[in-house]
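A closer look at the structure
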Amino acid sequence: MSNETNSGKHVGESLSGFIDGELTQQDAQRVRLHCENCRECGEQLEELRSLRERMGKASLSDLGKDTWRETMDDTTVKATRGIGWFLFAGAILLTVGFIIYDLLTDDHSMSLMQMLIIGGFYGGMLLLFLSVLRQRLIERKSDKYKDVEI
Amino acid sequence: MRQELVQLGGGAHALAIQILGNPDDAADAVHDSLATALERQHMYDARKGPLKPWFLRMVRNRCIDLLRKRKPTDDRVDELPAAGKSPEKAAEDADRDRILKSALESLDSDQRQIIVLRDYMDLSYAQIAEVLDIAPGTVMSRLHRSRVALGKAYREYDE
């Protein structure tokens, strides 16, 4: 067995903690001193450092940021559209309910509820329109074949 | 938050590849996780910690869900994608990545994940414990064993 610490043990997993800066100052000093005197641990330390550096520089994903940005935009479109459809469907249901109610009673005054219903209806329509418009603009910007005439 | 999530996409994809074994399934998992993160962004509390471990844990959980639904197959990594750089540098990097890929493939999924989280995504031990849902005290020993295994495999493939 090669050189070891005073306690007769190699530093083992503390090497990783040392490389990663996760040890206390005292433990880091102990590992540093040990590696200066223990060839085996010194070599392992260098190997682990080198591997860590290689991993840090490795290309483990070929998908760029644009992919994730588009994914997020797509998600936003879906969420906006969902809210739009919810408002739209809710407004339709309330409108139908209101019409039925209005037919059955003699009260024809414009109440706050009516204004909310109309607001929800038009709000839903507007959101749907903006959602579609936004998607079309993004597609137009990123479409490689937009200038190609058919 | 959106910009930060975009930045995390590549690393999350690398992690998902280690769990699911192929880039396409991994991209789907990250896509789903981005959608979930946006839906649940009100649940993220920046005072409790950075976004990175919060999002990566979500990605890992999504991958595990997909693995459960998938029929039992070999979970080895199909292929690590090639780098897109200048020809000479790309060749050198590709060669290095090829050896690293082979070495990584020889490890089990848990070992690959912890190495990617630390050495590729630069997470602290506390953050790794949060993502992997393990005791913080076990991260150093688990990571060290994984690195030693990777080093051994790398030497074998480099010969």
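Just above, that's the structure.
Notes on the structure follow. (Residues numbered from 1 in each chain as written. Chains lettered and ligands numbered in written order. Predicted model: local features only at pLDDT ≥ 70, side-chain atom pairs only at ≥ 80, totals over all residues. Heavy atoms only, no water.)

Now for the packing of aromatic side chains. Residue and element names in this part refer to chain B. If you walk through the whole model with that rule in mind, you get one aromatic pair over all chains. Measuring from centroid to centroid gives 5.2 Å for Y44 and W54, while their planes differ by 50 degrees, and the two rings are tilted. Of this pair, Y44 sits in the loop between α2 (23-39) and α3 (51-69) while W54 is found in helix α3, placing the two residues ten residues apart along the sequence. (Phe/Tyr/Trp six-rings, centres within 6.5 Å; stacked < 30°, edge-to-face > 60°. Helix = DSSP H or I, 4+ residues; strand = E, 2+ residues; numbered from the N terminus.)

Scanning the entire structure with this criterion turns up 16 salt bridges over all chains. Between A:E43 and A:R39 there is a salt bridge whose closest N-O contact spans 3.1 Å. With A:E43 and A:R39 both in helix α3 (residues 39-57) and four residues apart, the pair spans about one turn of that helix. The partly exposed category is assigned to A:E43, whose relative accessible area is 47%. Judged by its relative accessible area of 63%, A:R39 is exposed. When salt bridges with common partners are traced through the structure, they connect A:D20, A:R52, B:R118, B:D119, B:D122 and B:R147 into a single cluster. (Salt bridge = Lys/Arg side-chain N within 4 Å of Asp/Glu carboxyl O. Buried < 20%, exposed > 50% of the residue type's maximum accessible area, 1.4 Å probe, protein only.)

A word on the interface of chain A and chain B. Taken together, the 34 residues of chain A in the interface contact 44 residues of chain B. Contact between chain A and chain B buries roughly 3500 Å² in total, counting both sides, with carbon and sulfur atoms accounting for 62%. At the boundary of chain A and chain B, one finds five salt bridges. Across the pair B:R155 and A:E47 runs a salt bridge whose closest N-O atoms are separated by 2.2 Å. In this assembly, chain A and chain B are joined by twelve residue pairs in polar contact (both at pLDDT 80 or more). Of the residues assigned to the side of chain A that touches chain B, the class counts are ten nonpolar, eleven polar and 13 charged. (Contact = heavy atoms within 4.5 Å. Buried area = accessible area lost by both parts, 1.4 Å probe. Polar contact = N/O pair within 3.5 Å; in protein donor to acceptor, adjacent residues only side chain to side chain. Nonpolar A, V, L, I, M, F, W, Y, C, P; charged D, E, K, R; others polar.)

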